[in-house]
Amino acid sequence: MTTATAELLTVPEVMARLKLGRSKVYDLIRSRRLTSIKIDGARRIPVDAVRDFILGQIEEAA
């Protein structure tokens, strides 16, 4: 899937998928561990970024 057609998630949707709180999701965005974009002030996270974050965490744990 290309970035132009990637599904975008809201912060609450990412919170639910990762089972994390709001502050932690924003910490991951601030530290650039989770890629996001802003659309007119609304933060959106590509589904691919969430998947890549999870895969990265699995690799670090191995």
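We now turn to the structure provided with this report. Every chain's residues receive numbers from 1 upward, in the order its sequence appears when written. Predicted model: local features are reported for residues with pLDDT of at least 70 only, side-chain atom pairs are reported and counted for 80 or more only, and whole-chain, interface and lining totals are derived from all residues. The side-chain numbers reported here are obtained from all heavy atoms of the structure, hydrogens and water having been left aside.

**Structural notes on the overall build of the protein chain**
Counted only if it meets this: To qualify as a helix, a DSSP run of H or I must reach at least 4 residues; to qualify as a strand, a run of E must reach at least 2; elements of each kind are numbered from the N terminus. We call a residue buried when its accessible area falls under 20% of the maximum for its residue type, exposed when it is over 50%, and partly exposed in between, using a 1.4 Å probe and counting protein chains only. Residue contacts are counted whenever heavy atoms from the two residues lie within 4.5 Å of one another. Per-residue and other accessible areas were derived by the Shrake-Rupley procedure at a 1.4 Å probe size, with only the shown protein chains allowed to occlude residues. Working convention for charge: Lys and Arg count positive, Asp and Glu count negative, and His plus the chain ends are omitted. Working definition for charges: the position is that of NZ of Lys, CZ of Arg, CG of Asp or CD of Glu.
A count of helices and strands for the protein chain gives 3 helices and 3 strands. Considering only C-alpha atoms, the protein chain reaches an extent of 40 × 30 × 20 Å along its principal axes. Among the 62 residues that make up the protein chain, the fraction classed as buried is 24%. In the protein chain, once contacts between residues fewer than 6 apart in sequence are set aside, the share between residues at least 24 apart is 48%. Accessible surface computed for the protein chain: about 4500 Å², of which carbon and sulfur atoms make up 53%. Here the protein chain carries 11 positive and 8 negative side-chain charges, and the mean point of each set is 6 Å from the other.

**Notes on the nonpolar core**
The following threshold applies: Grouping buried Ala, Val, Leu, Ile, Met, Phe, Trp, Tyr and Cys residues that are joined through side-chain atoms within 4.5 Å yields what is termed a nonpolar core.
Within the largest apolar cluster, 12 residues are counted, these being Leu9, Val11, Val14, Leu18, Val25, Leu28, Ile29, Leu34, Ile45, Ala49, Val50 and Phe53. Sequence-distant contacts of Val11, defined by excluding residues within four places in its chain, comprise Val25, Tyr26, Arg43 and Ile45.

**Comments concerning unusual backbone geometry**
Most of the time, phi is negative for any residue but glycine, and the peptide bond is trans. In this model, Arg32 sits at a positive phi of 65°, which is unusual for a non-glycine residue. Tracing the chain through its elements places Arg32 in the loop between helix 2 (22-30) and strand 2 (37-39). Residue classification places Arg32 among the exposed positions, given a relative accessible area of 76%. In this model, Asp40 sits at a positive phi of 50°, which is unusual for a non-glycine residue. Asp40 sits in the exposed class, given a relative accessible area of 82%.

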